[in-house]
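Notes for the structure review
One letter stands for each residue in the lines below.
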Amino acid sequence: MTSLVLRPPVGPIDAVISVPGSKSIANRALVCAMLTKEASRISGIPSGDDAQVVLGVIRDSGRSVTSLGSEVIIGETSTLKFPGIVDAVLAGTSSRFLTAVAALFDTTSIIDGEEVLRSRPMADLHDALTSLGAEVSHLGEVGHLPVSVSRGSLHGGEIHIAGNVSSQFISALMLIGPMLDAGLVVHIDGSLVSRSYVEMTAQVMRSFGASVVLDASAITVSSGEYKGRNYSIEPDYSSAAFPLVAVAVREGRVLIPGLASSSLQGDSEIVSILQKMGLSCVISGSDISVSRLATTAVLPLVMDMSDCSDLVPAVAVACCMATGESVLSGIGFIRKKESDRLGDLANELNRAGGNVTVEEDGIRIVGPCLWNSVVFDSHHDHRMAMSLSLLSLCTNGVEVANPEVVTKSWPSFFVDMVPILGANEMGN
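These remarks concern the structure in this document.

A few words now on the environment of I188. Mapping I188 onto the fold places it in strand β11 (residues 184-189). The sequence separation of I188 and A100 amounts to 88 residues, and the corresponding C-alpha distance is 18 Å. With sequence-adjacent residues up to four places away left out, I188 is seen in contact with I161, G163, I170, S217 and I219.

Attention shifts here to helix α8 (residues 237-249). End to end, α8 covers 19 Å across 13 residues, agreeing with the expected 18 Å (1.5 Å per residue, within 8%). At P243, α8 shows its maximal kink, close to 25°. Buried residues dominate α8, accounting for 13 of its 13 residues. One side-chain oxygen of the residue at the start of α8 lies 3.4 Å from the amide nitrogen of S238, identifying that residue as D236.

Summed over all chains, the structure comprises 3 cavities of 30 Å³ or more. Counted as a void, the largest cavity has a volume near 40 Å³. What lines the largest cavity is M34, I58, S61, R63, T79, L80 and K81. The class makeup of the residues in the lining of the largest cavity is 3 nonpolar, 2 polar and 2 charged.

To continue, consider helix α11 (residues 343-351). Three or four residues apart is the spacing at which side chains of an α-helix point the same way, because the helix has 3.6 residues per turn. When we look at burial in α11, the residues that qualify are G343, D344, L345, A346, E348 and L349. Where α11 is buried, its residues contact α10 (312-320), β20 (356-359), β21 (362-367), β22 (375-376) and α12 (382-389). Positive backbone phi, at 115°, marks G353, one or two positions downstream of α11.

What follows covers the side chain of S22. Mapped onto the elements of the fold, S22 is located in the loop between β2 (13-16) and α1 (23-34). A polar contact is formed between the side chain of S22 and the backbone nitrogen of S24, at a distance of 3.3 Å. Within the structure, the side chain of S22 is placed 3.1 Å from the backbone nitrogen of I25, a separation counted as a polar contact. When sequence neighbours within four positions are dropped, the list of residues in contact with S22 reads P46, I233, E234, P235, D236 and Q265.

Residue P146 is bonded to the preceding L145 through a cis peptide linkage, with omega at 5°. Each neighbour pair has its own omega, and for G367 with P368 the value is 0°, a cis peptide bond. With respect to the element layout, P368 can be found in the loop between β21 and β22. Of note in the backbone geometry, V89 takes a positive phi value of approximately 55° without being a glycine. Along the chain, V89 falls in the loop between β6 (85-87) and α3 (92-102). Backbone geometry places S194, a non-glycine residue, at a positive phi of 55°. Looking at the element boundaries, S194 is found in the loop between β11 and α7 (195-207). Residue S194 is classed as buried on the basis of its relative accessible area, which comes to 3%.

Right, let's get into the sheet that holds strand β5 (residues 71-74). Reading across the sheet, the 4 strands line up as β4-β5-β3-β14 and stay open at both edges, with mixed pairing between neighbours. Every other strand in the sheet has two partners, leaving β4 (65-68) and β14 (230-232) as the edge strands with one partner each. The mean inter-strand angle of the sheet, taken between neighbouring strand axes irrespective of direction, is 15°. Where β4 lies against β5, 4 bridges are found, and the strand directions are antiparallel. For T66, the partnering residue across the bridge sits in β5 and is I73.

We now examine the layout of surface pockets. One number sums up the size of the largest pocket: a volume of about 420 Å³. Broken down by secondary-structure element, the contributors of at least two residues to the lining of the largest pocket are α1, α3, α6 (167-176) and α12. Taken as a whole, the second largest pocket spans an internal volume of roughly 260 Å³. Lining the second largest pocket are 13 residues, with L35, K37, L80, M179 and E225 positioned closest to its centre. Here the lining of the second largest pocket is built from residues that sort into 7 nonpolar, 2 polar and 4 charged.

Of all hydrophobic cores here, the largest spans 78 residues; its most connected members are I270, M305, L328, L349 and I420. In terms of residue count, the dominant contributor to this core is α8 (10 residues). In terms of nonpolar packing, the next biggest core, distinct from the first, is built from 75 residues, V57, M122, A128 and L175 among them.

Glancing now at the side chain of S378. Take S378: it is sitting in the loop between β22 and α12. At 2.8 Å, the side chain of S378 forms a polar contact with the backbone oxygen of A401.

Strands sit in the order β10-β11-β13-β12 across an open sheet of 4 strands; the sheet is mixed. The open sheet has two edge strands, β10 (157-162) and β12 (212-214), and neither has a second partner. Sheet twist, expressed as the mean angle between neighbouring strand axes with direction ignored, is 15°. The sheet contact formed by β10 and β11 spans 6 bridges and is parallel. What sits directly across from H160, in β11, is H187.

Parameters and conventions
Residues numbered from 1 in each chain as written. Predicted model: local features only at pLDDT ≥ 70, side-chain atom pairs only at ≥ 80, totals over all residues. Heavy atoms only, no water. Helix = DSSP H or I, 4+ residues; strand = E, 2+ residues; numbered from the N terminus. Contact = heavy atoms within 4.5 Å. Expected span 1.5 Å × (residues − 1). Bend = angle between axes of the 7 residues up to and from the residue. Buried < 20%, exposed > 50% of the residue type's maximum accessible area, 1.4 Å probe, protein only. Polar contact = N/O pair within 3.5 Å; in protein donor to acceptor, adjacent residues only side chain to side chain. 1 Å grid on protein atoms, 1.4 Å probe; cavity = no way out; pocket = protein on both sides within 12 Å on 5 of 7 lines; lining within 4 Å. Points joined across faces, edges and corners; volume = space filled by probe spheres on them. Nonpolar A, V, L, I, M, F, W, Y, C, P; charged D, E, K, R; others polar. Pairing = 2+ DSSP bridges. Axes fitted to C-alpha atoms, helices over the stretch in contact; angles between N-to-C directions. Core = buried A, V, L, I, M, F, W, Y, C linked by side-chain atoms within 4.5 Å.

Here you go:
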């Protein structure tokens, strides 16, 4: 097992950190571009695993894909095709979107991934596609990858799906809705978690010419055609949370260029969260900076984070620095992400001196905490590795095991974060 030894520079933070484009938006835009025969130009694509998996499928489908740095041009085609085998590696979002896309084609495709991805639940999506007439066959454990998928008698119409499971299932169905003869109406049973991601899906789809209507308990997608277009991916707020939260751990200032131009992401909530916790946030043009004096206390946070759950690992670290009790709720569903983002996160923080209790639908954190030097287990989770690395700012000797997991969303994280986390070296 490899680990990364972190040795941040001494003194207050003073850093300008550029973050990659939003992988969530990129995945949705790439799927829309895949499902139109027209050409599209998409800029700001992140280099992480998720977007690269979708781009690989587009190439394997016979489309021309020209890469110009973070910009790609997807050529027009006379016939939409889909490859026979898709290796989604660790890309959970991509695997779910591509499973739904595979159901549009008469040819049979196999969707698979690495062992960690195979452990993630997919049953609600598989059941939904089957109820719409697609043929989904399990090649391993039922409700998990790998599966074979083909069109079968796929049709549109109305479908019910639980709102308290992954919003990625709902987004996957939405994305194929325009390609169904009768369109699609998705009825949400119960409360919808991560609604901001469903709204993001609708906005991206509309940009590519789809008609989508959201109301409190249903999503209506009209039958029609996606249109090719030029599309720019926003900077990723989910990634920006890590350098911004660093200022809650150690005093100083972090500036993120271009972040204020973002508008589709629910994780933009990180700015108001840090303001509630006593940090100063300033927008200057399209840039956002967060700062804190050494004399400024970090305040505890009580918040339902069901609409911005990807922020939980970073925000939990900030809460460990606060004086008092923080409660992050509405997030029980994140126990089935890349890791158990409640149980695993609490265990890692507590091993290092934290005071974190897992509850049925969230976590309770009492701070400030006194930290010990540890080798953190990243649990195959990019957000876990990135958030735990911030604790190197308040105690010496912190290491992060298997740091390469950050390739999922921000492959150059530890290089780009050198102004905050310092030059690092590999341990044993």
